[in-house]
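Here are the chains, one letter per residue:
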Amino acid sequence: MSNRVKIKRGYSTARDATLAAEEISVQIKQLEDTIVFLFVSSSYDLEILGTALKRNFPNEQIIACTTAGEITPDGFADNTLTGFSISSPDLHAAPFFIPSIRSMDGEKTKLLSTDLNNELKRFHRRYPDGKSFGFLLVDGLSIKEEQLVAILSSSVGSIPIIGGSAGDDMKIDK
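Residues numbered from 1 in each chain as written. Predicted model: local features only at pLDDT ≥ 70, side-chain atom pairs only at ≥ 80, totals over all residues. Heavy atoms only, no water.

Caption draft 1: Looking closely at helix α3 (residues 106-126). Here α3 is 21 residues long and its end C-alpha atoms lie 31 Å apart, about the 30 Å a rise of 1.5 Å per residue gives. Along α3, the residues classified as buried are L112, L116, L120 and F123. Each buried residue of α3 sits inside an arc of 65° when the element is viewed along its axis, so together they form one side. Facing away from the buried side of α3 by more than 90 degrees, the exposed set consists of K110, K121 and R125. Structurally, α3 contributes buried residues whose contacts are with α4 (145-156). (Helix = DSSP H or I, 4+ residues; strand = E, 2+ residues; numbered from the N terminus. Expected span 1.5 Å × (residues − 1). Buried < 20%, exposed > 50% of the residue type's maximum accessible area, 1.4 Å probe, protein only. Arc of directions from axis to C-beta. Contact = heavy atoms within 4.5 Å.)

Caption draft 2: Highlighting the side chain of S88. Within the secondary structure, S88 is located in the loop between β6 (81-87) and α3. In this structure the side chain of S88 is engaged in a polar contact, spanning 3.0 Å, whose partner is the backbone oxygen of R4. When neighbours within four sequence positions are excluded, S88 is seen to be in contact with R4, V5 and D33. (Polar contact = N/O pair within 3.5 Å; in protein donor to acceptor, adjacent residues only side chain to side chain.)

Caption draft 3: Summary view of a nonpolar patch on the surface. The grouping of F133, F135 and I162 at the surface amounts to a nonpolar patch, some 290 Å² of accessible area in total. Position of I162 relative to the elements: it lies in strand β8 (residues 161-166). What makes I162 partly exposed here is its relative accessible area of 46%. (Patch = residues over 30% accessible without salt bridge, like charges linked within 9 Å, V, L, I, M, F, W, Y side chains within 5 Å. Areas by Shrake-Rupley, 256 points an atom, 1.4 Å probe, with all protein chains shown as cover. Salt bridge = Lys/Arg side-chain N within 4 Å of Asp/Glu carboxyl O.)

Caption draft 4: Representation of the layout of surface pockets in the model. There is about 230 Å³ of room inside the second largest pocket. Lining of the second largest pocket is provided by 17 residues; of these, E32, D33, T34, I35 and N59 occupy positions nearest its centre. (1 Å grid on protein atoms, 1.4 Å probe; cavity = no way out; pocket = protein on both sides within 12 Å on 5 of 7 lines; lining within 4 Å. Points joined across faces, edges and corners; volume = space filled by probe spheres on them.)

Caption draft 5: A look at the nonpolar core. One finds L38, Y44, L49, L53 and L81 to be the most contacted residues of the largest nonpolar core, which totals 15 residues. Elements represented by at least two residues in this core include exactly α1 (17-28), β2 (34-41) and α2 (46-56). Top element by residues in this core is α1. It accounts for 5 residues. Those residues in contact with L38 that sit more than four places away from it in its chain are I24, I28, L53, I62, I63, A64, C65, L81, T82 and G83. (Core = buried A, V, L, I, M, F, W, Y, C linked by side-chain atoms within 4.5 Å.)

Caption draft 6: Main features of the packing of α3 against α4. Running from N to C, α3 and α4 cross one another at 45°; their axes reach a closest spacing of 9 Å. Put simply, α3 runs oblique to α4. Considering how the two elements wind past one another, α3 and α4 form a crossing that is right-handed. Here T109, L112, S113, L116, N117 and L120 of α3 come into contact with α4, specifically with L148, I151, L152, S155 and V156. Among the residues making up the contact of α3 with α4, the classes are represented as 7 nonpolar, 4 polar and no charged. (Axes fitted to C-alpha atoms, helices over the stretch in contact; angles between N-to-C directions. Parallel < 35°, antiparallel > 145°, perpendicular 65-115°, else oblique. Left-handed = near helix turned anticlockwise from the far one by under 90°. Nonpolar A, V, L, I, M, F, W, Y, C, P; charged D, E, K, R; others polar.)

What follows is the structure in structure tokens.
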């Protein structure tokens, strides 16, 4: 691994969302050029946690999803906030939020594809020599994960897509 890439990982078992955000930020915050990936137990108050994360990571791009169990640096756990940060001047992210796939129809599919292609064009104009991949975190209860991957694959061409489904600790909360 290049010395231009720094990875920090950590987790919090604090039940209080604000405290959990503070604890994980101490463990994984880096100085610059950072992308933060978080995996969050749905037992947290997500609105409070989101506000606390924005406060603790004001300049970082945050990519997060809820889970049905977390993998921490110490192994499997429940009811935690876990994650990692990657810092490198050579790594750039363009998060692309897809609001809802449950009601995906032909028209929404076309709009999604157009919006994603436009975002990719902007990104590649800014970083023309970069290599790309897609990191997908998708609602596991939507029952449309495969449909979304097919749409995304046709939109991004040869860019590989990795990722998984978000969970909600088996609450099955639609």
